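Report on the structure
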Amino acid sequence: MLLQDRASASESEADRNRIQLLMEEAVEALSDGFVLYDSDRRLVFANKRYAEMLGPHKDLLVPGARLDDIVGSAVGSGHISFVRSPEGGLPGVLETLAARGKLKIEIKVADGSQHKIYLKHLKDGSIVVKVRDITEQRTAEARAREILYGAVDAVDVGIALVDDDDRLVFANKKFREIGDPDGTLFVPGRAMRDIHSEAIACGLIPLPGGMKPAEMLDELDRLIRLAIKGYPIPNNQNRELVGSAYETNLKGRLLTIEDVTDRVRAERRFTTAVERLPVGIAFEGPDGQFTHCNDAFAAPFHLTAAEILKLSDIERIDLLAPQISMVAGQEVGDRAAELFTAAVKQQRETLEPMEVRFWDGRHYRVERAISEHNSRVVVVTDITALKETEARSLATLNDAIQSLDEGLVLFDKSLNFVLGNRLWYEMYFSELAPPVAGENILTILGRLIDNGIVLVPEGEDKTSYMCELTLLVKSYQKKQAIHLAGGRILLASAHRTELDGYLVSFIDVTEQRRAEEEQREADLLLHKIVEACPANFLVSRIEDGKIIYCPPASRERFGDIDTTLNFFLKPEDRERYLEALLPTGTLDDYRVQFRRADGSIMQGITAARVTDYKGENVIVSSTRDISDLLAMQEELQKQRDIAHQNEKLSALGELLAGVAHELNNPLSIVTGYAQMLQGKLKDPVLEKRIDRIAEAADRSARIVRAFLSMARQRPANLEPCTLNEIASVALDLAGYGLRSNGARIETDFDEDLPSILGDTDQLVQVVTNLIINAEHALSPLGEEAVLVLRTFHHGRDGQAVLEVRDNGPGMTKEIRDRIFEPFFTTKDVGEGTGVGLAFCHRVVDTHEGTLEVSSSVGKGTSFFVRLPAMETEASIDTSQAQPGGTHHRKRVLVVDDDVAVSELVCDLLADLGCQAIQETSARKALARLSHTSVDLIISDYKMPGMDGAAFYNSLIGLSPGYKDRIAFMTGDAMGKSVQTFLMESERPYIEKPISKKDLACLLNQLDSRKNTS
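These remarks concern the structure in this document. Values in this document were obtained by computation on a predicted structure and should not be read as measured data.

About the criteria used
Residues numbered from 1 in each chain as written. Predicted model: local features only at pLDDT ≥ 70, side-chain atom pairs only at ≥ 80, totals over all residues. Heavy atoms only, no water. Helix = DSSP H or I, 4+ residues; strand = E, 2+ residues; numbered from the N terminus. Buried < 20%, exposed > 50% of the residue type's maximum accessible area, 1.4 Å probe, protein only. Contact = heavy atoms within 4.5 Å. Phe/Tyr/Trp six-rings, centres within 6.5 Å; stacked < 30°, edge-to-face > 60°. Lys NZ or Arg CZ within 6 Å of the ring centre and 35° of its normal. Expected span 1.5 Å × (residues − 1). Polar contact = N/O pair within 3.5 Å; in protein donor to acceptor, adjacent residues only side chain to side chain. Pairing = 2+ DSSP bridges. Axes fitted to C-alpha atoms, helices over the stretch in contact; angles between N-to-C directions.

1. A look at the overall build of the chain
The number of helices and strands found in the chain is 31 helices and 40 strands. A total of 1013 residues make up the chain; the buried ones form 38% of that total. The long-range share in the chain, meaning contacts at least 24 apart out of those at least 6 apart in sequence, stands at 48%.

2. Quick notes on the packing of aromatic side chains
What the rule picks out here adds up to 20 aromatic pairs. Members of the aromatic cluster, each reached through a chain of ring pairs, are F417, W424, Y425, Y428, F429 and F506. It is K130 that lies over the ring of Y118; its NZ or CZ is 5.0 Å from the centre. In this arrangement the basic side chain of R316 is found over the ring face of F290, its NZ or CZ atom lying 3.6 Å from the centre.

3. A few points about helix α27 (residues 899-911)
The end-to-end C-alpha separation of α27 is 18 Å, in line with the 18 Å expected for 13 residues at 1.5 Å each. Turning to α27, its buried residues are V901, S902, L904, V905, C906, L908 and L909. Two to three positions downstream of the cap, the backbone nitrogen of A900 sits 3.1 Å from a side-chain oxygen, assigning the N-cap of α27 to D898. At the C-terminal side of α27, G913 shows a positive phi close to 90°.

4. Details of the sheet that holds strand β3 (residues 80-84)
Strand order across the open sheet formed by six strands is β2-β1-β6-β5-β4-β3, with antiparallel pairing between neighbours. Each edge of the sheet is formed by a strand with only one pairing partner; in this case those strands are β2 (43-46) and β3. Across the sheet, the mean angle separating the axes of adjacent strands is 25° when strand polarity is ignored. Pairing analysis gives seven bridges linking strand β5 (residues 114-121) to strand β6 (residues 127-133), with the strands arranged antiparallel. Opposite K120, over in β6, you have V128 as the bridge partner. On top of the sheet, helix α4 (residues 89-100) reaches β3, β4 (102-109), β5 and β6; it is set at about 160° to β4, its chief contact.

5. As for the side chain of R362
Checked against the element boundaries, R362 lands in the loop between β16 (354-358) and β17 (363-370). Taking relative accessible area as the criterion, R362 reaches 17% and is therefore assigned buried.

6. A word on the sheet that holds strand β25 (residues 547-549)
Ordered in space as β25-β24-β28-β27-β26, the five strands form an open sheet in which the pairing is antiparallel. Every other strand in the sheet has two partners, leaving β25 and β26 (586-595) as the edge strands with one partner each. When strand polarity is set aside, the average angle formed by the axes of neighbouring strands in this sheet is 40°. Alignment of strand β24 (residues 537-541) against strand β28 (residues 616-625), held across five bridges, turns out to be antiparallel. What sits directly across from L538, in β28, is S621. The strands touched by helix α20 (residues 571-581) within the sheet are β24, β26, β27 (601-613) and β28, with β26 carrying the most contacts at an inclination of about 175°.

7. Description of the environment of L926
Assignment of secondary structure puts L926 in helix α28 (residues 922-929). The class of L926 is buried, set by a relative accessible area of 15%. In contact with L926, not counting residues within four places along its chain, are M946, F951, S954, L955 and L958.

If you want it as structure tokens, here you go:
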């Protein structure tokens, strides 16, 4: 049996060795470098790729060698240099890796190669490193950058790139030629404002009349910042320069400068030429208002061009209508204004020419064409003379036109050539000897094919194609395509003549075919564009709502539906929609509710138009989803309500802070005298009661102090503290609600928990928030609710940890993943803002710690506050925190306007062996000090007549020797004036409520400072 066990163990060991060898072979086969260090940063394994990267230092790759020695040697020799990594070299890399758990850096090796390194901490503290060669990638990027800059430099438009700090990155040749003729301004890295300032100073950018340089600089900054397009650039070169700014994806700006001088001058020449044309020309805006016209256009109105431009569309028509007898071939009678208005409207839509005849016999042809920016050019031509001669030449012109419509050739019944018209000769014989009378069709076709004028279709030979064309003529075929050299296409049609001959006509359809192909491509492009358009629109039939066209964006919203009735919530909704649309055929900003494909309700605004499609009226509609907008408006209102509530809470907080401040004096009396009585009574019952009073007073004092600390607004003050103290104070502040609801509170504090370096006030607020959140979760459980506060030391990670655990309902994964997002809350409106846990996370993060949550539905929730523990308690300076020393018979002057507090302090001082002198105002104290000497002074800060700051300044003015022998006590350390004074004067102080321990520490501080000075 023992032998069998040993054999099994041996086999297991062999299996493990075989698996390890396989793993090592697999890692060696990787194309990337791989290395593993244990938790002590000692080498476990490294593959060949990693060794190759180390070059001359690869001999250091011995199992057990330290990471710091291996990499430190390579870095120290210059073999490896960091390109992208945290600051601080290798120590900085390791420190950042320890904080983050994983890290990516880039290095450069002495052979010129570049590598990206991925480092990761494993759960047991080991470090795994992967190295990837990115040399080719970085080289390609640099080459691409050079090519791009070269291409941009060759562009004939000035182009410059500005980064997100408004500093010049690059300017191409044209940009420098236009904006920097001397080559001194456009230096990469310079701020654009500095460049503009120098250009203004040297006169390259002249200032418009009355504008100051600073105003010009602000205007140029504004144009670039707002990415304005097409703004004029003033210059001293008598050129017309136009600039534009474009925002880049990286928040920089792309600037362009274009010299449009020649174009502007050409436009001016064009305007002058138009003015001199005998043909009437006007430029019409989208609203029908004329922006320019020449005198020839104004002539029919018997007005000047300037007078025409002042008239509206209706005024022009009313002025011209009495002179019109016919519009577009229709006699107008007494409806001239009406018909002329309709004809103008139709022409603006169709751009079809129209003719207008006046009563005096004048005849005009009116044409419109679309120009840039949706404006129109109106051309009016006087065709009176043309109309007069048209009738006389109609017959002759008709014959001529008919003969020029198509190429014609006549063959006799034997297919011998008889004659051809001019266009036929141009089609076939512009570079070839024309046929002679009697030449047979086969001979003619042979010459045309041999000379490459007529092309033989692919796959056919010359003879068969000639026979095919001859058959075309003999069988009187129509519209047969013939392909000529140069890509021309003719349609041939054969006709029988009365003399049994053959008349063959040829129509050049090259442009038509090209146009048809372009139209097909355009139709295909339009279809693709409409399919890709993200806009949600539909084309539906009015009668039954059947959907005629539904693009992908609408199908994504509504699904595969056949009728609009599918997404209207109720049939009555569509009926009301049609009632609003049909009377005018136009509908804008109509509120609707539609059902999406997933069944959810969409709030929308729709616009619709009625139009004709294949003889029936259809609706073209587009709907904008405003559900998110409405939700955002609702959320904004919620945030306003929250802000209002926060204002009320802030005011209440100030009021409560004032109340807490007022409680300090009576609490000082209770706390002080209770401490003085402790240990002085012989009756054990009374002694126990005094202890209870002291304990309750001390607890009240801690609560008031914690409350005032939380109300302070001051920078973070990091000092040694413990999570046990922080949790205890937070529990005093926030535990009442839990106890009043019957919840059980358990504490499990590690008494040996190391200290942390933190801001006590901020951390108390964090734990208070966590306790309050637990209270909300536990409120439905009543007496079954349990809250546990536990602290422990996580030695391996060097962390002090506080756990806040409840047995509440727990959280789902979806809520748990978002719990630390700002403004995310699961509470009802008015009960939560969603900022508490986000604040807690931020505070813990700034303390270089982590705030974690563990929760599942039905199993409660635990929050873990993990903060770095201080290495030793010796680092905590407790010299000022411990009472001690001897103060026997020291004369101490106590100044406080509250007699009871002043008497308490004097009594406590007497207990400490001092001789106390009492004064109730600063002025009385100054008067006493003028003739009485004391060792130390303890003064209240807030006193009527003269406060502590005025008392201090007056005292050191009269007796500078007291400067280091005065301290203060205050119940308002949160006040800005108090904080400022104490910080600037550097005087020690204690906060009310006052305890004997605090007073003793204060005397120690005064003694140490006095002795030092």
